[in-house]
Structure formats: structure tokens, C-alpha cells
Amino acid sequence: MYTTVHSSLMRQSKALVLLCELMEEEYQVLLSHDTDAVVALEFAIQELIRQLAVEKATVIKALAGMRVKEYAENLPQAEGDALLDLLTTIDKAEQGVSRQATRNSQLSLALLDQSSRTLQALTSQVMPPKAETYGRRGGMRAHAHPEAALISGRL
């Protein structure tokens with residue numbers, strides 16, 4: 001069981017390092033506005049996260065719900081220390097991934113906000129100021145004067 005847990009933790013550690021690298025690359029691609037590359041990286045990131053979830057489930061199943069720290073305390077000193085070191089490495093990597101995910105999220109939301117505002121500005125410049133700007137005959141209708149320009153009628 002030790003080898004199963006140890007090898008799964010090793011794979012998790014390496015996967016988290018790769019995940020952090022992919023997220024840093026995604027950040028750079030977001031800055032360059034290359035949407036196709038962002039989509040491709042996002043698919044790779046999602047698949048890697050899925051594989052990480054499978055590895056975590058493998059450890060949980062192997063330990064029957066026991067925490068890895070508790071399991072490591074019951075092992076001989078060398079094996080327990082190896083597992084605890086891996087746990088520390090995984091924790092640091094998860095924190096790095098979390099920070100990078102926050103940066104990516106903030107940048108993508110800022111880009112979305114910028115695009116939305118640009119689209120609103122362009123739309124407001126193109127749209128006519130009033131809904132009744134266009135007449136029945138098509139084309140622009142002259143603005144009516146609120147006061148009468150010519151008085152006609154009988155007295």
C-alpha cells in the first residue's frame with residue numbers, strides 16, 4: 001500500500017508542477033490575445049485537473065478514508081518522512097497553482113470588461129440617438145421643432 005500511495009503522491013506533485021507551468025503559459029497567451037491558444041491550453045489544463053482528481057481518489061481509496069499524515073505517522077521513520085515531504089511539496093505546489101489561477105482569472109475578467117466596454121462604446125456611436133430617427137419612407141428624418149415654425153389656419 002505504501003508504494004501505491006507514494007507513487008500517486010509523486011504523480012500528483014509532478015502534475016501540479018506541470019499545471020502551474022501550463023497556467024503561467026496561459027497567462028502569457030492571454031496577454032497576447034491569442035484565443036485559439038487559450039482554448040487549447042484550457043483543454044489541456046482541464047484534462048490535467050481531471051487526472052489529478054483521479055489520483056487523489058486513488059489515495060483516498062487506498063487509505064480507506066484515512067489521512068495521509070495519519071498513515072505516515074504509523075509507518076517507519078524513512079517512509080513516513082518521504083510521504084510527509086511529498087505532502088509539503090504538494091501543498092506548496094497547490095498554493096502556487098491557486099495564486100496563478102487567481103491571476104489568470106483576474107486578467108481574463110479584465111479583458112472581458114475591456115471588450116464589453118469597447119463594444120458598448122462602438123455600439124453607442126453607431127446607433128441613432130432616438131428610436132424614431134428613421135422615417136416611414138426610409139432614410140433619416142429631419143428633427144421636428146417643438147415650436148411651430150409656420151402658423152396656418154383660420155381665425
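Residues numbered from 1 in each chain as written. Predicted model: local features only at pLDDT ≥ 70, side-chain atom pairs only at ≥ 80, totals over all residues. Heavy atoms only, no water.

Focus: the overall build of the protein
Helices and strands together make up the secondary structure of the protein, namely four helices and zero strands. Counted from the first residue to the last, the protein has its helices and strands arranged as α-α-α-α. Buried positions account for 26% of the 155 residues belonging to the protein. Considering only contacts within the protein whose residues lie at least 6 apart along the sequence, 69% involve residues at least 24 apart. Of the roughly 11,600 Å² of accessible surface on the protein, a fraction of 57% belongs to carbon and sulfur atoms. (Helix = DSSP H or I, 4+ residues; strand = E, 2+ residues; numbered from the N terminus. Buried < 20%, exposed > 50% of the residue type's maximum accessible area, 1.4 Å probe, protein only. Contact = heavy atoms within 4.5 Å. Areas by Shrake-Rupley, 256 points an atom, 1.4 Å probe, with all protein chains shown as cover.)

Some remarks on the confidence of the model for the protein
Taken residue by residue, the protein gives an average pLDDT of 85. The fraction at 70 or more is 82%. Ranking the elements of the protein by mean pLDDT puts helix α3 (residues 68–73) last, at 87, and helix α1 (residues 2–32) first, at 93. (pLDDT = per-residue confidence, 0-100.)

Comments concerning the nonpolar core
Val5, Leu9, Leu16, Leu19, Tyr71 and Leu83 are the most contacted members of the largest nonpolar core, which has 30 residues in total. Mapped onto this core, the elements with two or more residues apiece are α1, α2 (35–62), α3 and α4 (77–126). Top element by residues in this core is α1. It accounts for twelve residues. Setting aside residues no more than four positions away along its own chain, Leu19 makes contact with Ile45, Leu48, Ile49, Leu52 and Val97. (Core = buried A, V, L, I, M, F, W, Y, C linked by side-chain atoms within 4.5 Å.)

Concerning the packing of aromatic side chains
Considering all chains together, one arrives at zero aromatic pairs under this definition. It is Arg103 that lies over the ring of Tyr27; its NZ or CZ is 4.1 Å from the centre. (Phe/Tyr/Trp six-rings, centres within 6.5 Å; stacked < 30°, edge-to-face > 60°. Lys NZ or Arg CZ within 6 Å of the ring centre and 35° of its normal.)

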